[in-house]
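In case you want the letters, here they are:
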Amino acid sequence: MNFEIPKEVNTGKVAEVTIGATSEQGGTRSHTVTIGGSTSLPFHFFEGQHPHRPAVAMEVFDKTPKKYLDSLMDYFGDVIDKPGEMAKKCVDEYGAELISVRLEGTHPEKGDKSAEEAAETVQQVLESVRVPLIISGHSHFEKINKVMKKVCEVTEGENCLINYVETDNYKTIAAACIAYKHTLVAQSPIDVNLAKQLNILLTDMNFPPERIVMDPLTSTLGYGLEYTYSIMERIRNDGLAGDKMLAFPMLINPGYESFRVKETWAPEKEYPDWGNLEQRAAYWEIATAMSLLLTGTELLIMYHPRAFEVVKNKIIEMYESKKES
Amino acid sequence: MTNKKSRTEENNFKVKFLPFETIVEVPPGTSLLDAVKTASLPLKTTCGGKGTCGDCVIQIIEGTYHSKPSAALSDKLASRGFSLACQTEVKDNITVQLPQFRELDIKSIVDSKFFKEQRDNISGVYELNPSVKKIELLLSPPTLEDNYSDLRRIERQLQKELALKKIDCEYSVLKKLAQTVRKNKGKISIFLSLSGKQATVIDVAPQSEGKKLYGIACDVGTTTVALHLVDLQNEKILATASSLNQQIACGEDIISRINFAQKPGRLKKLQELIILTLNNLIKKASKSAKVSISDIYLASVSGNTTMIHLLLNLEPRYIREEPYVPTFNQVPTILSRDLGLKMNNEGRIYCSPAVGSYVGGDITAGLLCTPILRDSKKVALFIDAGTNGELVVGNKEWLMTCACSAGPAFEGSGIKCGMPASEGAIEEIKMLDSGEFKYKVINGTKPQGLCGSGLVDLLAELFTFGYIDRHGKFNEKKAGKKIVKTEEGKGFLIEEGKNCYWGKDLIVTENDISNLIRTKAAVFSACSVLLKNVGLGFDKIDSVYIGGGFGQHLNINNTIRIGLLPDLKREKFHYLGNSSLLGAYLILLSDKNKDLANEIAEKMTYIELNTEPTYMNEFTGALFLPHTDIKLFPSVKQTLNL
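Residues numbered from 1 in each chain as written. Chains lettered and ligands numbered in written order. Predicted model: local features only at pLDDT ≥ 70, side-chain atom pairs only at ≥ 80, totals over all residues.

**A few points about the overall build of chain A**
(1) Moving on: Across its full length, chain A holds 10 helices and 10 strands.
(2) Moving on: Rg of the C-alpha trace for chain A: 19 Å, near the compact-globule value of 20 Å for 325 residues, within the 12% margin.
(3) Moving on: Along the three orthogonal principal directions, the C-alpha set of chain A runs to about 65 × 55 × 35 Å.
(4) Moving on: Taken over 325 residues, chain A has a buried fraction of 48%. (Helix = DSSP H or I, 4+ residues; strand = E, 2+ residues; numbered from the N terminus. Rg over C-alpha atoms; globule rule 2.2 N^0.38 Å. Buried ≥ 20, exposed ≤ 12 C-beta atoms within 10 Å, placed from the backbone.)

**Topic: the interface of chain B and chain A**
(1) Moving on: Each side of the interface is counted separately: chain B has eight residues, and chain A has 10 residues.
(2) Moving on: For the side of chain B that touches chain A, a count of residues per class yields one nonpolar, five polar and two charged. (Contact = placed C-beta atoms within 7 Å. Nonpolar A, V, L, I, M, F, W, Y, C, P; charged D, E, K, R; others polar.)

**Comments concerning the sheet that holds strand β13 (residues 224-231) of chain B**
Strand pairing in a sheet relies on backbone hydrogen bonds. The paired strands run either parallel or antiparallel.
Residue and element names in this part refer to chain B.
(1) Moving on: An order of β14-β13-β12-β15-β17-β16 is seen for the six strands of this open sheet, with the pairing classed as mixed. In this open sheet, the two strands that pair with only one neighbour each are β14 (236-244) and β16 (334-335).
(2) Moving on: Against the sheet, helix α17 (residues 579-589) engages β12 (214-220), β13, β15 (296-303) and β17 (348-351), with an angle of about 150° to β12. (Pairing = 2+ DSSP bridges. Axes fitted to C-alpha atoms, helices over the stretch in contact; angles between N-to-C directions.)

**Some points on the nonpolar core**
(1) Moving on: Within the largest apolar cluster, 157 residues are counted, with the highest numbers of intra-cluster contacts made by B:Cys218, B:Leu391, B:Leu459, B:Val523 and B:Ala526.
(2) Moving on: By residue number, the principal contributor to this core is helix α15 (residues 510-533) of chain B, which donates 12 residues.
(3) Moving on: In this structure, B:Cys218 is in contact with B:Val225, B:Leu227, B:Leu278, B:Ala299, B:Val301 and B:Ala584, ignoring residues within four places of it in sequence.
(4) Moving on: In this structure, A:Met86, A:Ile162, A:Ile235 and A:Ile252 belong to the second largest nonpolar core, which totals 89 residues. (Core = buried A, V, L, I, M, F, W, Y, C linked by C-beta atoms within 7 Å.)

**Observations regarding the packing of helix α12 (residues 361-368) of chain B against α17(B)**
All names here are of chain B.
(1) Moving on: Close contact between α12 and α17 brings their axes to 7 Å; oriented N to C, the two are set at 75°. Classified by the angle their axes make, α12 and α17 are roughly perpendicular. The segment α12 lies against α17, with Asp362, Ala365, Gly366 and Leu368 engaging Ser579, Ser580, Gly583, Ala584, Leu586 and Ile587.
(2) Moving on: Counted by class, the contact of α12 with α17 contains five nonpolar, four polar and one charged residues. (Parallel < 35°, antiparallel > 145°, perpendicular 65-115°, else oblique.)

Spelled out as structure tokens, the structure:
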């Protein structure tokens, strides 16, 4: 008997967003990364177009994170305090498609590095790798506005992904992104309406919609992953149903989120039942990333090289099966 | 020891606060602000008593005082006896006016255009048939042949005239009966409390005394309290009085009041405060109408369930705890002497029936004033946008209701530039193309703040002219110099100090705007959830009745523009004002309305929004101007080109 898979026809389409700029485009990247463009739910190749596969980034730091995991030190211990070299390692050795530079050290309570120092760090990374950059900030409004303004200025034309703005603090950074031609992450706390509101506010100030990526502020396995999953699912469904203000590609941070929870750092000695720490840490990040890929993630920032490898390979494998079918 | 104590008391000064008539005794040198706190009066400060914010301004009517000058108070006001409570020391027995707590600008809905047109069409009945009646009797004098007791002879006469089954008599009546019936040759006035075919004699007086029968209708709101003094022999409203609910010093919303009541002695204190508020209003109203308090025999009170619990000194905590069960829905008739309310000692108090913990007697009373229960086909929506917002949808056949915690913003409380709808409040405001405001102040004085209707206009105008974004944050580029720094963050200048009553700039802060948006979102999202529950779209609503403390007028177009009310044809909306008060008045006038209110209460199906999974989603959707989903507001989308 012939079985025809019932198909959902959507009127909407996820916006296509390009990060990075080559020399012809006014930047210095060897290539750009484009995400989004899907016309059906993720991996539903039988139902719609999926022109770009999700991209996977890795992260470097302007200041060694206080609680950086021992299991990651084995991989990055020699370069953790040298963001340029660490970025190179991520790209050359592990195959990172983008590099996120986390500027946590500029937070007044975590080092209070100046905007100029931050700009220097970013430039170092720009020089050491040729992949597009993500610039990741923090929630101290006054300081991050200063930092991002400066970073946007010195990276003019590079079309970095500036990560992030939120409803209570979006105008300064968004204006800098418009002025210096960067792409922007709109972050909102796990809520469909709040996500949409921020996107409306951004487009109301004439921010180009093709330069918005959403961060629905996801959590990690065991910490409300189901809830974030369902919110992302609703955002994507609404977007595909034609709500343009929700039809943007989505960014998630499985690395940052996973490595904050006990399960990824509690030693095996104390929790023998939990099994091998290194494996556990990697698996935690993989489980988080893979789950959220299924609900419409287009961009991931990962930490553990083994987790990175598994997730990236899986995405490639699934997109190759698309060609076959 | 005793000696020492009495000496201290001798040295204390008496401070009398108007309009509350509260008196406290404090030692010399006490700051007036501390005296206000001792008196539990709701005077607030932003600066915490440093003399910089000017919020605690008071006026000293009588007595000498010493006050430090402050930049927050103009010399002109200082010369008129105004002073900052935190900068003033008590040095004498003084009388102090708290000018922020003026009478509300309440005109009875009875005189409104809506009521005049609809009064034969409302769900209640508009007739005079109160449950306390005054009967004039002529008792034949007792003789050896007709030697029935005094009481028996009254009963005999009453039964003849009124076909009653059973007649009781209060002890206080018995005590004076013998003299009274003989004083005026048997010409007596009997005051009867009726319940069906049963009656209780609650007072008796010689006709020559000319005792009258009055009643009061009260709306006991979380934020404001209002009452009508009514002649129950001709239904005339003789006086109206209103003020803030003095409990406000113990918390602004019902949840904080319930929390406040949880410590020993506090529940009693809350009861005392509301009784004090009511008694001051009764005193004021009866003085202005020249009515003797002992002639007030009946009170009809409507209020939300928590307010009635607090009025009756009943444990309110179970209202707040799952499964949210109140002590009562229908209150038995209460005696005034049990509460200490200023009326005749045998006076009867009736409270409108509640539906549940969060839909109270103010709503059943309010519904009596609307035509909702007259029609079995058309669907109407009733919204009472008070501190606790309640909604009802339905018609004669069915009624659904829910409640939301809207907050007192539209009653002018909790908003820096807000105030109740009383003298000095901006009730209408319009922005001109020049960016200047044009406004109308109640009683035409210099403005002191904005009442609910003014705040709705203000929000709509700031939004329409692009001074705030859809999230309610200032567009600083556009607003330029109009953005000012305040102790509570950024603000927008509405009017310069030199043109304002208090001599201070009138400013709306970004916080105020967020607060207003949260309030309107709570009401609108409750509306959406309620309608979704009954499977109706907004387009199926034939009429909308709005109650609440916005003021006399409400610009419907602006309420829709900010997303407080659904985007329907404007002629479907009817703004009632204080419908709870009018409902209480209808119940006071006619016993039939009691039964109707009970029927309404029983007919209503209550939806608990706390357990409604979609409510939070609807709420965050409504936290935007006018709404995240602009399709819900097509006319606003078109006008503002969103």
